[in-house]
Amino acid sequence: MSTPILEVNDLKKHFPIRAGFFGGTTGYVYAVDGVSFSIAKGETLSLVGESGCGKSTVGKAILRLFDITAGQVVLDGQRIDDMPYGTLRPMRRRMQVVFQDPFSSLNPRMRVRDLLAEPIRNFGLAKDSADLERRVGDLMDRVRLPRDAVNRWPHEFSGGQRQRICIARALAAEPDLIICDEAVSALDVSVKAQIVNLLQDLQKELGLAMLFISHDLAIVEHMTHRVAVMYLGKIVEVAPKRQLFAAPKHPYTEALLSAVPVPEPGAARERIILKGDVPSPIKPPKGCRFHTRCPYAFDRCRQDEPQLRQTEDGHFAACHLHDLPAADNPLAGARGAAVIAHH
Ligand code: SF4
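Residues numbered from 1 in each chain as written. Predicted model: local features only at pLDDT ≥ 70, side-chain atom pairs only at ≥ 80, totals over all residues. Heavy atoms only, no water.

## Side note on the sheet that holds strand 3 (residues 44-48)
Within the open sheet, the 8 strands sit side by side as 6-7-8-3-9-10-12-11. Their pairing is mixed. Each having just a single partner strand, strand 6 (95-98) and strand 11 (309-312) make up the two edges of the open sheet. Neighbour to neighbour, the strand axes of the sheet diverge by 25° on average, direction disregarded. (Pairing = 2+ DSSP bridges. Helix = DSSP H or I, 4+ residues; strand = E, 2+ residues; numbered from the N terminus. Axes fitted to C-alpha atoms, helices over the stretch in contact; angles between N-to-C directions.)

Okay, here's the thing in structure tokens:
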């Protein structure tokens, strides 16, 4: 893998719970509790998991939308989690975000031209007004919107078109990394696919790195290089896409994958229905955080917390099953490979 553009080391974000407005801290929400990963230049990493697992908090922590509790965030070799806000500005330009809701992300009182010109001006990227106009036109081309639409207002566009404008705004700053936080979740199915294709094309054309945060494994399957699966504030599995979809090494990933539709007629994965709800991040279970819902949990799981470790080349999982003999490990081998032969 080439040099990482982003490194996240043992990131923690614990939100204090206060008793009343002026009250003291009565506990913490362990939203992110020791998360590490890196993204190479030009790579897409997808961070997936159910809502409340901490994935969006990871994105916001990288963007310095709040201070982190512990750990490090390193952008292109420079630590940014402890950088004073005054010196953070040039680094901010290098990582841009596209949020879920294109309706609230755009100022309704600005025409598209101004929405796109704003970041270019803010970061001093245009040489003169002709250059500014050229850049705005280029951005419209990039996101496949007609150039003459720059004179229109956000409300004149559909949801998918507005998300294209949000993407163009993110690109206007000439970032190295784009964080897409549930960027297609609010869109209709067909529009979702178009935006995913657009992001995929842009990623290739511009050599961008992307952190794609999503609850939907089916969506990330088409656009990612690697996948990191989060459960209750921790990453439980990281692997290249093909490996993860062909042979998940964590029971939680296996359950998530079982819900992803298989396109081949006649092929089917057995649906694994997890029992119970995700436990509260205020009081995560002892041992493996997934043991209250895991179909394979055994005694050790209730005591020892499994660490993320390599099960095969580039494939990491945090599960005690991999310490058992292969014959006793239901996740040993390439189960499911038959049904994902199209990948
Ligand atoms: Fe399940 Fe135990 Fe593995 Fe946790 S460590 S995922 S409870 S088998």
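What follows continues from the structure just given.
## Structural notes on the UniProt feature "domain: ABC transporter" (unreviewed entry) in the chain
Under the feature "domain: ABC transporter" (unreviewed entry), the UniProt entry names residues 6-257. The distance from the first to the last C-alpha atom of residues 6-257 is 27 Å, and the span holds 37% helix and 28% strand. (UniProt positions renumbered as here; feature names shortened; annotations may be inferred.)

## Here we look at the confidence of the model for the chain
Averaged over the chain, the pLDDT score is 91; the fraction of residues at 70 or greater is 94%. Overall, residues 336-343 carries pLDDT values under 50, and its contacts beyond four positions in sequence, including any with other chains, amount to 15 contacts. (pLDDT = per-residue confidence, 0-100. Contact = heavy atoms within 4.5 Å.)

## Considering the site of the ligand
Taken together, the neighbourhood of the ligand is formed by 13 residues, with Cys288, Cys294, Cys301, Cys319 and His320 sitting nearest. Its residues placed into classes, the shell around the ligand shows 10 nonpolar, 3 polar and no charged. (Near = heavy atom within 4 Å. Nonpolar A, V, L, I, M, F, W, Y, C, P; charged D, E, K, R; others polar.)

## Remarks on the pattern of salt bridges
Within the structure shown, the criterion is met by 29 salt bridges. One salt bridge in this structure joins Arg134 and Asp131, with 2.6 Å as the shortest N-O distance. A residue pair is termed a helical-turn pair when its members lie 3 or 4 positions apart in one helix, as Arg134 and Asp131 do in helix 5 (residues 129-142) at 3 residues. Look at Arg134 and you get partly exposed, because its relative accessible area is 43%. For Asp131, a relative accessible area of 6% gives the class buried. (Salt bridge = Lys/Arg side-chain N within 4 Å of Asp/Glu carboxyl O. Buried < 20%, exposed > 50% of the residue type's maximum accessible area, 1.4 Å probe, protein only.)

## Quick word on the sheet that holds strand 5 (residues 78-79)
Strand order in the open sheet made by the 4 strands is 2-1-4-5, with antiparallel pairing throughout. The outermost strands of the open sheet, each flanked by one partner alone, are strand 2 (25-40) and strand 5. Summarising the sheet, strand 1 (residues 4-18) and strand 2 pair through 12 bridges and their orientation is antiparallel. Note on strand 2: the bridge partner recorded for Leu11 is Val35.

## Considerations on the packing of aromatic side chains
Considering all chains together, one arrives at 5 aromatic pairs under this definition. Pairing Phe15 with Phe66 gives two aromatic rings, centres 5.6 Å apart and planes at 85°, and the pair type is edge-to-face. With Phe15 in strand 1 and Phe66 in the loop between helix 1 (55-62) and strand 4 (70-75), this pair connects stretches of sequence that are 51 residues apart. For Phe15, a relative accessible area of 29% translates into the label partly exposed. Measuring from centroid to centroid gives 6.3 Å for Tyr28 and Tyr30, while their planes differ by 50°, and the two rings are tilted. Its relative accessible area of 37% is what places Tyr28 among the partly exposed residues. Of the residues examined, Tyr30 reaches a relative accessible area of 25% and is grouped as partly exposed. The structure contains a cluster of three or more aromatic residues connected by ring pairs, namely Tyr231, Tyr252 and Phe290. The aromatic ring of Tyr85 is capped on one face by Arg64, whose charged end is 4.3 Å from the ring centroid. Above the plane of the ring of Phe157 lies Arg152, whose end atom (NZ or CZ) is 4.4 Å from the centre. (Phe/Tyr/Trp six-rings, centres within 6.5 Å; stacked < 30°, edge-to-face > 60°. Lys NZ or Arg CZ within 6 Å of the ring centre and 35° of its normal.)

## A word on unusual backbone geometry
A positive phi angle is found at Asp10, which is not glycine, with a value near 50°. Within the secondary structure layout, Asp10 lies in strand 1. Here Asp10 falls in the partly exposed class, since its relative accessible area comes to 40%. Positive phi outside glycine occurs at Asp76, with the angle close to 45°.

## So, the packing of helix 6 (residues 159-172) against helix 7 (residues 189-206)
Packed helices, taken two at a time, are described by the angle between their axes plus the distance between the axes. Orientation of helix 6 relative to helix 7, taken along the N-to-C sense of each, is 20°, at an axis distance of 10 Å. Classified by the angle between their axes, helix 6 and helix 7 sit roughly parallel to one another. Here the hand of the crossing between helix 6 and helix 7 comes out right-handed. Where helix 6 approaches helix 7, its residues Gly160, Gln163, Arg164, Ile167 and Leu171 are matched on the opposing element by Val191, Gln194, Ile195, Leu198, Leu199, Leu202 and Leu206. Residues belonging to the contact of helix 6 with helix 7 are distributed by class as follows: 8 nonpolar, 3 polar and 1 charged. (Parallel < 35°, antiparallel > 145°, perpendicular 65-115°, else oblique. Left-handed = near helix turned anticlockwise from the far one by under 90°.)

## Here's the deal with the nonpolar core
Among the nonpolar cores identified, the biggest contains 60 residues, and Ile167 and Leu217 are the most heavily contacted of them. In terms of residue count, helix 6 provides more of this core than any other element does, 7 residues in total. Core analysis: the second largest hydrophobic core is formed by 33 residues, Leu11, Val35, Ile80 and Met83 among them. (Core = buried A, V, L, I, M, F, W, Y, C linked by side-chain atoms within 4.5 Å.)

## Here's the deal with the pairing of strand 4
As defined by bridge partners, strand 1 adjoins strand 4 across 5 bridges and the pair is classed as antiparallel. Of the residues in strand 4, the one forming a bridge with Val8 is Val73. Note that strand 4 and strand 5 share 2 bridges and pair antiparallel. Considered in strand 5, the bridge of Val74 is made with Arg79. Linkage of strand 4 to strand 5, two consecutive antiparallel strands, is achieved through a turn of 2 residues, within which Asp76 is found at a positive phi near 45°.

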